[in-house]
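Per-entry structural report
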Amino acid sequence: GVQTCALPICEEFSVSESRDQSFRGAVRRWPDFCRGERFMIGALRRWLRGGEDWQRAIRDAGRHLKPALAMSFTNALNSLGEGLGGGARRMLRLRTPLSNHVSADERAIIALVGAIQHDRFEHAHALLNYLVQDHAGRTVMIHAVTIAKTMAKGGFNLAAPVAHRPIWTPDQIRLRAIA
């Protein structure tokens, strides 16, 4: 089942995720991600759980980043989570910390931070519009920028957004038009 918290973010508690049909966005598995992506999503998932899980995320950040960077990262992640929860366009879904699957919303958050790290702000704004309403966009973007810069300074570089390529090459289009 799904546990809903006060924010419009919910957490999946599926015993058998391979048979879980309520979470269709989870097509990528956790091991497919780079170190920085796993670090960020793990921390975000632990933020949602709160309590001892969030304290563990803070300790992990302190272990992987310099103290000032760790504080900046965790404060920005906390504010990002609150901004996402307060301005979400719909119910956002995050997996449990030990899940091997990644939701579409988690992938969008990773892509948002990756786009910012690679100065792809049009891509970042498109992802931002997908995740949150207009009134929360500025706040979420500010905290996402802080996370992106902090992670980059700490050596956690995320993948750049992939540009879509046309299905047909110009030669194929010309040949098809002639035929």
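About the criteria used
Residues numbered from 1 in each chain as written. Predicted model: local features only at pLDDT ≥ 70, side-chain atom pairs only at ≥ 80, totals over all residues. Heavy atoms only, no water. Core = buried A, V, L, I, M, F, W, Y, C linked by side-chain atoms within 4.5 Å. Buried < 20%, exposed > 50% of the residue type's maximum accessible area, 1.4 Å probe, protein only. Helix = DSSP H or I, 4+ residues; strand = E, 2+ residues; numbered from the N terminus. Contact = heavy atoms within 4.5 Å. Salt bridge = Lys/Arg side-chain N within 4 Å of Asp/Glu carboxyl O. Expected span 1.5 Å × (residues − 1). Phe/Tyr/Trp six-rings, centres within 6.5 Å; stacked < 30°, edge-to-face > 60°. Polar contact = N/O pair within 3.5 Å; in protein donor to acceptor, adjacent residues only side chain to side chain.

Quick look at the nonpolar core
Counting 40 residues, the largest nonpolar core has Phe73, Leu112, Ile147 and Met151 as its most contacted members. Only helix H1 (35-49), helix H2 (51-64), helix H3 (67-87), strand E4 (92-95), helix H4 (104-117), helix H5 (121-131) and helix H6 (134-153) provide two or more residues apiece to this core. Those residues in contact with Ile147, other than ones at most four positions away along the chain, are Met40, Phe73, Ala76, Leu77, Leu80 and Val113.

Remarks on the pattern of salt bridges
If the charged atoms of two oppositely charged side chains come close together, the side chains can form a pair. Evaluation of the coordinates by the stated rule reveals seven salt bridges. Here Glu106 ties to Arg45 by a salt bridge, and the two come within 2.7 Å at their closest N and O atoms. Of this pair, Glu106 sits in helix H4 while Arg45 is found in helix H1, placing the two residues 61 residues apart along the sequence. For the salt bridge of Arg59 with Glu52, the shortest nitrogen-to-oxygen distance reads 2.9 Å. With a relative accessible area of 53%, Glu52 lands in the exposed category. Connected through salt bridges with shared partners, the residues Arg46, Arg49 and Asp53 form a single ionic network.

Section: H3
Counted at 1.5 Å a residue, the expected span for H3 with its 21 residues is 30 Å, and the 30 Å between its end C-alpha atoms agrees. Among all positions in H3, only Leu69, Ala70, Phe73, Thr74, Ala76, Leu77, Leu80, Gly81, Gly83, Leu84, Gly85 and Gly87 are buried.

Thoughts on the packing of aromatic side chains
What the rule picks out here adds up to two aromatic pairs. Ring plane angle 25° and centroid distance 5.0 Å describe the contact between Phe39 and Phe73, whose orientation is recorded as stacked. One end of the pair, Phe39, is in helix H1; the other, Phe73, is in helix H3, with 34 residues separating them in the sequence. In this structure Phe73 comes out as buried when scored by relative accessible area, which is 0%. The interplanar angle of 10° and the centroid separation of 4.6 Å between the aromatic rings of Phe39 and Phe156 together place this pair among those described as stacked. Within this pair, whereas Phe39 is found in helix H1, its partner Phe156 is found in the loop between H6 and helix H7 (170-178), the two being separated by 117 residues in sequence. Phe39 gets classed as buried once you look at its relative accessible area, which sits at 10%. In this structure an aromatic cluster arises from ring pairing among Phe39, Phe73 and Phe156.

Remarks on H6
Counted at 1.5 Å a residue, the expected span for H6 with its 20 residues is 28 Å, and the 29 Å between its end C-alpha atoms agrees. Within the span of H6, buried status applies to Ala136, Gly137, Val140, Met141, His143, Ala144, Ile147, Ala148, Thr150 and Met151. Contacts from the buried residues of H6 go to H1, H3, H4 and H5. Just downstream of H6 lies Gly155, where phi reads positive at about 90°.

A look at the side chain of Asp60
Looking at the secondary structure, you find Asp60 in helix H2. For Asp60, a relative accessible area of 16% puts it in the buried group. Beyond its immediate chain neighbours, meaning those up to four positions away, Asp60 contacts Phe39 and Arg46.

Quick word on the environment of Asp134
Counting through the fold element by element, Asp134 comes out in helix H6. Given a relative accessible area of 65%, Asp134 falls into the exposed group. On a C-alpha basis, the gap between Asp134 and Arg89 in space is 9.2 Å, while along the polypeptide they are 45 residues apart. Apart from the residues lying within four places of it in its own chain, the contact partners of Asp134 are Arg89 and Asn129.

Observations regarding the environment of Arg90
Take Arg90: it is sitting in the loop between H3 and E4. Residue classification places Arg90 among the partly exposed positions, given a relative accessible area of 31%. Note: C-alpha distance between Arg90 and Val132 (42 residues apart in sequence) is 8.0 Å. Within the structure, Arg90 has its side chain in polar contact with the side chain of Asp105 (distance 2.6 Å).

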